[in-house]
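One letter stands for each residue in the lines below.
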Amino acid sequence: MSEEANLDAYLRRINYSGSIAPTLETLQMLHRQHPAAIAFENLDPLMERPVRLQLSDIEQKLLNERRGGYCFEHNLLFTAVLEAMDYAVTPLAAGVLWGRSPDEAGEATLNHMAMTVEVGGTAYLADVGFGGQVMAGPLRLRADIEQTVGGETYRLTGGHPKWRLETRIGGDWRPMYEFTLAPQTLDEYVAMNDGTMVMFRDILMAARTDGEVRYGLFNGRLKTHRNGETTTRMLATVGEIRDVLASIFLIALPDSDRLDPAIEKVLRHEAAA
């Protein structure tokens, strides 16, 4: 986009010391290590603090403060990093289908960011910010082929002009989101982010990958997906949630008097559900 990423700080943050040549192998390694090191989380909206999308703000939060963030923060940072490495990147907008019932009518609202990255004349879909089902590697932008990364299987369908990304859960294909290849600007993401901040004010979400293991937190429910099996642990106290956010999701918790009341709020909602 326009600002230049602090490449050294980013590579330290994701524990990467390999080549930065703009190859497919480098892209695959960065894409795998990013969601393992930097969690998806929505603590700022939950605490009713704004999420700012200038690169300097994202770097301060995700790199210097060792926090996580949600899709726009992750993927704007990843875009800037890849551009600093001389990859050709096209930022995209997507409409999330994950969690929608099959009979919901109408097109999904554009509320997610992804990107295409061109390597050696081939386009790949990259996305390090899709929460609990985030891809552990880029996917070749080609319809109707199964692609496995990080132990999970995905496919792209359509493409004329709308693409759909799906993942296989058990024996079923589940839609994640749909998108076109129309490039987006920072101003367009800022407008999308206004609605996203509101959406994330009343729920707590965190997600991180660790190899082929996935961790996901939704309010007081911690899920661990390993070897095709999912286990659930219920968290009942603010202390338990703070410990999980720090130890499992590797988040340096913000020093704010708003955090504990925000966590208490979601625990009350969980108890009342």
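Right above here is the structure, for reference.
All figures in this text were calculated on a predicted structure; none of them were measured in a lab.

Enquirer: Help me out: how do you make sense of the overall build of the chain in this one?
Expert: Each helix and strand in the chain was counted, giving 8 helices and 13 strands. Projecting the C-alpha coordinates of the chain onto the three principal axes gives extents of approximately 50 × 45 × 35 Å. For the chain, with 273 residues in total, the buried portion stands at 50%. Counted over contacts in the chain with a minimum sequence separation of 6, partners at least 24 positions apart contribute 57%. Within the structure as shown, the chain displays about 12600 Å² of accessible surface, and the carbon and sulfur contribution to it stands at 47%. When the 27 positive and 38 negative side-chain charges of the chain are each reduced to one mean point, those points stand 4 Å apart.

Enquirer: Would you mind showing me how to read the nonpolar core here?
Expert: In a soluble, globular protein the nonpolar side chains are often hidden away together inside. Counting residues in each nonpolar core, the largest one holds 43 residues, and the members touching the most others are Tyr10, Leu30, Phe72, Phe78, Leu82 and Val117. Of all the elements in the fold, those that place two or more residues in this core are helix 1 (7-13), helix 2 (24-37), helix 4 (55-64), helix 5 (71-84), strand 2 (88-96), strand 3 (110-119), strand 4 (122-126) and helix 6 (186-199). With 8 residues, helix 5 is the largest single contributor of residues to this core. The next biggest cluster of nonpolar side chains, apart from the first, holds 23 residues, and it includes Ala39, Tyr215, Leu235 and Val244.

Enquirer: Would you mind showing me how to read the pairing of strand 4 here?
Expert: Each regular strand displays side chains that alternate between the two surfaces of the sheet. With 5 bridges joining them, strand 3 and strand 4 adopt antiparallel strand pairing. Counted as the bridge partner of Val117 is Tyr124 from strand 4. Once strand 3 ends, the chain turns through 2 residues before running back antiparallel as strand 4, passing Gly120 with a positive phi of about 60 degrees. By the bridge criterion, 2 bridges tie strand 4 to strand 5 (residues 139-140) in an arrangement that is antiparallel.

Enquirer: Help me out: how do you make sense of the packing of helix 7 (residues 238-247) against helix 8 (residues 259-272) in this one?
Expert: How two helices pack is summed up by the angle between their axes together with the distance between the axes. The contact between helix 7 and helix 8 brings their axes to 10 Å, and the two run at 110 degrees. Between helix 7 and helix 8, the interaxial angle falls into the category roughly perpendicular. From helix 7, Val238, Ile241 and Arg242 reach across to helix 8, where they touch Leu259, Asp260, Ile263, Glu264 and Leu267. For the contact of helix 7 with helix 8, the per-class residue count stands at 5 nonpolar, no polar and 3 charged.

Enquirer: Any chance you could explain the sheet that holds strand 10 (residues 205-210) here in plain terms?
Expert: In sheet architecture, strand pairing relies on hydrogen bonds along the backbone and comes in two forms, parallel and antiparallel. On the basis of which strands lie adjacent, the open sheet formed by 5 strands has the order 1-10-11-12-13 and antiparallel pairing. Every interior strand has two partners, whereas the edge strands, strand 1 (40-41) and strand 13 (229-234), have only one. Direction of pairing for strand 12 (residues 221-226) relative to strand 13: antiparallel, over a ladder of 6 bridges. By the bridge assignment for strand 13, Lys223 is matched with Thr232.

Enquirer: Explanation requested: the packing of aromatic side chains in the structure shown.
Expert: Where two aromatic rings form a pair, the distance of their centres and the angle of their planes describe that pair. Taken as a whole and assessed by the stated rule, the structure comprises 7 aromatic pairs. Taken together, the aromatic side chains of Phe40, Tyr70, Phe72, Tyr189 and Phe200 make up a single cluster linked through ring pairs.

Enquirer: What's the story with the sheet that holds strand 4 in this structure? I'm lost.
Expert: Pairing within the open sheet is antiparallel, and its 8 strands lie in the order 5-4-3-2-9-8-7-6. Strands with a single pairing partner mark the edges of an open sheet, and in this sheet they are strand 5 and strand 6 (146-149). In the sheet, strand 2 pairs with strand 9 (residues 172-179) via 3 bridges, with the strands oriented antiparallel. Its bridge partner being in strand 9, Ala94 is matched across the sheet by Phe179.

What counts and how
- Residues numbered from 1 in each chain as written.
- Predicted model: local features only at pLDDT ≥ 70, side-chain atom pairs only at ≥ 80, totals over all residues.
- Heavy atoms only, no water.
- Helix = DSSP H or I, 4+ residues; strand = E, 2+ residues; numbered from the N terminus.
- Buried < 20%, exposed > 50% of the residue type's maximum accessible area, 1.4 Å probe, protein only.
- Contact = heavy atoms within 4.5 Å.
- Areas by Shrake-Rupley, 256 points an atom, 1.4 Å probe, with all protein chains shown as cover.
- Lys, Arg positive; Asp, Glu negative; His and termini not counted.
- Charge placed at Lys NZ, Arg CZ, Asp CG, Glu CD.
- Core = buried A, V, L, I, M, F, W, Y, C linked by side-chain atoms within 4.5 Å.
- Pairing = 2+ DSSP bridges.
- Axes fitted to C-alpha atoms, helices over the stretch in contact; angles between N-to-C directions.
- Parallel < 35°, antiparallel > 145°, perpendicular 65-115°, else oblique.
- Nonpolar A, V, L, I, M, F, W, Y, C, P; charged D, E, K, R; others polar.
- Phe/Tyr/Trp six-rings, centres within 6.5 Å; stacked < 30°, edge-to-face > 60°.

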